[in-house]
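Fold and geometry: a report
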Amino acid sequence: MRLKFSAVLFASLASLSAHAQTEIHFWHSMTAVNGEWVNDLAKGFNASQTKYKVIPTFKGVYDESLTAAMAAFRSGNAPHILQVFEVGTATMMASRKAIVPVGEVMKNAGVKFDPNAYIPAVAGYYTGANGQMLSFPFNSSTTVFYYNKDAFKAAGLDPNAPPKTWIEVAQAAAKLKASGHQCPLTIAWQSWTQLESFSAWHNVEFASKNNGFGGLDARMKVNSPLHVRHIENLANMAKQGLFVYKGRTSVPEPTFISGECAMITTSSGFYGNAKKNAKFDFGLSTLPYYPDVPGAPQNTVIGGASLWVMAGKKPEEYKGVAEFFNYVSSPEVQSESHKRTGYLPITMAAFELTEKSGYYKENPGTDVAPTQMIRKTTDKSRGIRLGNYVQIRTIEDEELEQVWAGKKTAKEALDAIVSRGNELIERFEKANSKN
Amino acid sequence: MEKRVVFRSSWLPWALIAPQVVVITLFFFWPAAQALVQSLQQSDAFGTSVEWVGFENFVNLWNDATYLASFYTTAVFSVSVAVVGLTLSLLLAVFADRVVKGALAYRTLLIWPYAVAPAVAGVLWLFMFAPSVGVVSYTLRKLGFEWNHLLNGNHAMTLVVMAAVWKQISYNFLFFLAGLQSIPKSLIEAAAIDGARPWRRFWTIVFPMLSPTTFFLLVINIVYAFFDTFAIIDSATQGGPGKDTVILVYKVYYDGFKAMDLGGSAAQSVILMVIVVALTVIQFRFVEKKVNY
């Protein structure tokens, strides 16, 4: 009898505690330094209140976690919150039955939410045609330029005067090579840094219809004379051993940290990693540009990821999601995240708070990414929103590799990107205009 | 006169093969049927809408020049894997067959790679050949050979072939070794007494006697190269540089699991299935005639 009683007590206690805390599952793709950051965010939120418990789970790199979520959604086990990289944005936006717009989640939960508080380039990217914010900006990064100050000194270059233009980059690379550097310049995320951000930075179209923001019938335009000129320039640098290709996506990043490559263009989100692991003094600078192009430099495009809310959950759970987003977007948490990871501060308030704290003065170069972004965007520079873009990125990698290998000219490769990319965009247009 | 044993019972043979049929249905026919159905559909990434499109997925493939090019890449890859893999493992098996001292240790070491997952095999070889930090590429550079599989398609192909062969060598080795050990010693000794040198003994006695094993392994290796190697490609080259190492099955994996184009991916699986069935039929009809059982 006593046993039975305690069992009942135990069961009711268990159900009580389960009832008291609503669990919110959050699938992400953050590793190493950034993975610890996500776990700390959840810990901070869970400690700040008692009603909800956010459980972050690492589900593989960006495309892996997206695939995992799609499979989970089909079988009814999707998480509440899913981190999706910027390239998957068009796909998520087209999947209206699988997601709940963030603006709606916030409104239903009665949590104050002002899209205008966000940095324009960030908010604009994740906003639908009707002005509603579809996903929650989380870890936004942009493309910046890192250089090894020690290597600059050794090559007789001024470590406090990083090259600002592509002409200066070539000159610095030549000096670095003359001083014995085997890899003066490398490029990570080549399609993002050298085609997407390059276009916005020079205020030229990447694709028609405002880079896809104006409709599904956009077509790629990366074979313009300026694009050809730039890729030709890089191909020449590759031939002279000034630019060394080190692989796709973020694969080249370790070659900067090891000191093998002296300059790299990559994500601002690389800062935390470089700061922790590089055994030399390094600096950040803006993405190089061509000074004779009118309107350059404009602004760079965002990368990184945003948080999507999946459909089919309980109202109480959505309330927890809204509370969590509210916590993460507070200026204090934002500013702290920005300092820790190098990702953008996302809201203007967080940027100002960080500035006021004197952080940018103490850590020169960390303001490069935000200042590249906090500008009024143009129709050509708001970002890229093309369907099937995951595959188009691969096409860009494939074709650019042919240029670096000397098998294709810049013009041939860029023409091929346009025609192969357009085929995929046309298919996406066809598949999604039926809905 | 052929001797056959016939079951008298009408249900017993069915009962005996039932477990096998269940396994095959569950793990082969059902997924294959699913692929067939999906190849005629197009659905969005989350599966919220599914539409029948007839043969559109196949037409898209036919119009895709890079898909057709990947047939050539696949042929180069599969033939290389099968030929290099079989030659090397036969060589190792012949040597292992002759080893007297420490034979067990030697054989065990040769069998190890089979326990390694394909993705791990890819990463292992990638590390050794990484242009900036790899042990092998460093040595090659010292010898004056510039190894760069990031930009040189032939280097990349060599890398994935090596990884794929290495992974499969233990399997081939085991079968060859068993085949060698089942050849009656008396035959070889008789030939030796007649004055045949080892080289001649191998080609006139051992190799023909091994032909059933070789034939079986040829089929298995081709199927392996066609189907089981996408993890190696994915971890070592991701199909690059350009499309130089995009073999058919890697494209199936990429389109289905990375690009979420399930219809297109299913259509490619169907084509791949047809190819392998055709290849196997050809092998059994023509190559098998040259096999002595």
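Turning our eyes to something else, we now look at the overall build of chain A. Counting its regular elements, chain A contains 20 helices and nine strands. Relative to its length of 435 residues, chain A is compact, with a C-alpha radius of gyration of 23 Å against a globular reference of 22 Å. Its C-alpha atoms put chain A at 85 × 50 × 40 Å along the principal axes. For chain A, the proportion of its 435 residues judged to be buried stands at 51%. Residue pairs in contact within chain A that sit at least 24 positions apart in sequence constitute 76% of those at least 6 positions apart.

This part takes up the overall build of chain B. Counting its secondary structure elements, chain B contains 12 helices and two strands. When the elements of chain B are put in sequence order from the N terminus, they spell out α-β-β-α-α-α-α-α-α-α-α-α-α-α. Along the first, second and third principal axes, the C-alpha set of chain B runs to 75 × 75 × 30 Å. Out of the 293 residues in chain B, the part that is buried amounts to 33%. Pairs at least 24 residues apart make up 69% of the contacts formed inside chain B by residues separated by at least 6 positions.

Turning our eyes to something else, we now look at the domain arrangement of chain A. All names here are of chain A. Each assigned domain of chain A is listed with its residue range as follows: domain 1 (18-140 + 303-362) and domain 2 (142-301 + 379-433). For domain 1 versus domain 2, the separation of C-alpha centres amounts to 28 Å. Every contact between the two is made by 20 residues of domain 1 and, on the other side, 20 residues of domain 2. The class makeup of the residues in the side of domain 1 that touches domain 2 is nine nonpolar, nine polar and two charged.

What follows covers the environment of G272(A). Residues and elements named next belong to chain A. Relative to the assigned elements, G272 resides in helix 13 (residues 271-277). In sequence terms G272 and S208 are 64 residues apart; their C-alpha atoms lie 35 Å from each other. With sequence-adjacent residues up to four places away left out, G272 is seen in contact with V33, N34, R340, T341 and G342.

Residues and elements named next belong to chain B. In this model helix 3 (residues 65-98) runs 50 Å from its N-terminal to its C-terminal C-alpha over 34 residues, within 8% of the 50 Å that 1.5 Å per residue would give. Taken together, the buried positions of helix 3 are occupied by S70, T73, T74, F77, S78, V81, A82, G85, L86, S89, L90 and A93. As for helix 3, its buried residues are in contact with helix 7 (153-181), helix 9 (198-227) and helix 11 (248-258).

A few words now on the interface of chain A and chain B. Listed as interface residues are 26 residues of chain A and, on the opposing side, 20 residues of chain B. Put simply, the parts of the chain that give the side of chain A that touches chain B at least two residues each are helix 3 (62-74), helix 4 (89-94) and helix 19 (389-404) of chain A. Counting residues per element, the side of chain A that touches chain B draws most heavily on helix 19 of chain A, which supplies seven residues. Its residues assigned to classes, the side of chain A that touches chain B shows nine nonpolar, eight polar and nine charged.

Here the focus is the packing of helix 7 of chain B against helix 9 of chain B. Each packed pair of helices is defined by two parameters, the angle between the axes and the distance between the axes. Residues and elements named next belong to chain B. It is the contact of helix 7 with helix 9, at a shortest axis distance of 10 Å, that shows an interaxial angle of 150°. On the basis of their axis angle, the class for helix 7 and helix 9 is roughly antiparallel. Here helix 7 and helix 9 pass one another in a crossing that is right-handed. When helix 7 is examined against helix 9, the residues A164, Q168, N172, F175, F176, G179 and L180 are found in contact with a partner set consisting of V206, L210, T213, L217, N221, Y224 and A225. Broken down by class, the residue content of the contact of helix 7 with helix 9 amounts to nine nonpolar, five polar and no charged.

Let's shift gears to the nonpolar core. Core analysis: the biggest nonpolar cluster contains 174 residues, and A173(A), V321(A), V160(B) and A163(B) have the highest contact counts within it. With 12 residues, helix 7 of chain B is the single largest residue contributor to this core. When we break this core down by domain, the ones giving at least three residues each are domain 1 (18-140 + 303-362) and domain 2 (142-301 + 379-433) of chain A. Excluding anything up to four places from it in sequence, A173(A) contacts P184(A), L185(A), M237(A), L242(A) and F243(A).

Residue and element names in this part refer to chain A. Going residue by residue along strand 8 (residues 282-285), you find F282 and L284 tucked away on one face and G283 and S285 left uncovered on the opposite face. Here strand 5 (residues 136-148) runs beside strand 8; their pairing, made up of four bridges, is antiparallel. Note on strand 8: the bridge partner recorded for Y147 is G283.

Okay, helix 14 (residues 315-328) of chain A next. In this model helix 14 of chain A runs 20 Å from its N-terminal to its C-terminal C-alpha over 14 residues, within 8% of the 20 Å that 1.5 Å per residue would give. Along helix 14 of chain A, the positions that sit buried rather than exposed are Y318(A), G320(A), V321(A), A322(A), E323(A), F324(A), F325(A) and V328(A).

This part covers the pairing of strand 9 (residues 302-310) of chain A. All names here are of chain A. Counting buried positions along strand 9 gives nine out of nine residues, so the element sits mostly inside the fold. Strand direction decides the pairing type here: strand 3 (residues 81-85) and strand 9, joined by five bridges, are antiparallel. By the bridge assignment for strand 9, L82 is matched with W308. When strand 4 (residues 99-100) meets strand 9, the two strands line up antiparallel, connected through two bridges. When the sheet's bridge partners are listed, V100 is paired in strand 9 with V309. Pairing of strand 5 with strand 9 involves six bridges; the strand directions are antiparallel.

With that settled, consider unusual backbone geometry. The linkage connecting A296(A) with the following residue, P297(A), adopts the cis geometry, with an omega of -5°. For P297(A), the location among the structural elements is in the loop between strand 8 and strand 9. Of the consecutive residues G240(B) and P241(B), the connecting peptide bond is found in the cis state with omega at -5°. Within the element layout of this structure, P241(B) appears in the loop between helix 10 (230-236) and helix 11. Of note, N210(A) is a non-glycine position whose phi angle comes to about 50°, a positive value. With respect to the secondary-structure elements, N210(A) resides in helix 10 (residues 208-211). Judged by local crowding, N210(A) falls into the partly exposed class, with 19 C-beta atoms found within 10 Å. At Q238(B), a residue that is not glycine, the phi angle is positive and equals roughly 50°.

Rules used throughout
- Here, residues in each chain are numbered from 1, in the same order as that chain's written sequence.
- Chains and ligands are labelled by the order in which they are written, letters from A for the one and numbers from 1 for the other.
- Restriction of local features to residues with pLDDT of at least 70 applies here, the model being predicted, together with a cutoff of 80 or more for giving and counting side-chain atom pairs; totals for whole chains, interfaces and linings are based on all residues.
- Helix and strand assignments come from DSSP, with helices taken as H or I runs of at least 4 residues and strands as E runs of at least 2, each series counted from the N terminus.
- Atoms counted for the radius of gyration: C-alpha only. Globule rule: 2.2 Å times the number of residues to the power 0.38.
- Labels follow a simple rule on C-beta atoms placed from the backbone: if 20 or more others lie within 10 Å of a residue's own, it is buried; if 12 or fewer, it is exposed; otherwise it is partly exposed.
- Contact between two residues is assigned whenever their backbone-derived C-beta positions fall within 7 Å.
- What fixes the domain bounds is an automatic or database domain assignment.
- Under this grouping Gly is polar, as are all residues other than the nonpolar Ala, Val, Leu, Ile, Met, Phe, Trp, Tyr, Cys and Pro and the charged Asp, Glu, Lys and Arg.
- An expected span of 1.5 Å times one less than the residue number is assigned to each helix.
- Axis lines are fitted to C-alpha atoms, over the contacting stretch for helices. Their N-to-C directions set the angle, which ranges from 0 to 180 degrees.
- The labels follow the angle: roughly parallel below 35 degrees, roughly antiparallel above 145, roughly perpendicular from 65 to 115, and oblique for the rest.
- Take the far helix as your reference; a near helix turned counterclockwise from it by less than a right angle gives a left-handed crossing, and one turned clockwise gives a right-handed crossing.
- For this analysis, nonpolar core means a set of buried Ala, Val, Leu, Ile, Met, Phe, Trp, Tyr and Cys residues linked through C-beta atoms within 7 Å.
- Strands pair, by our definition, only if DSSP identifies at least two bridges between them.

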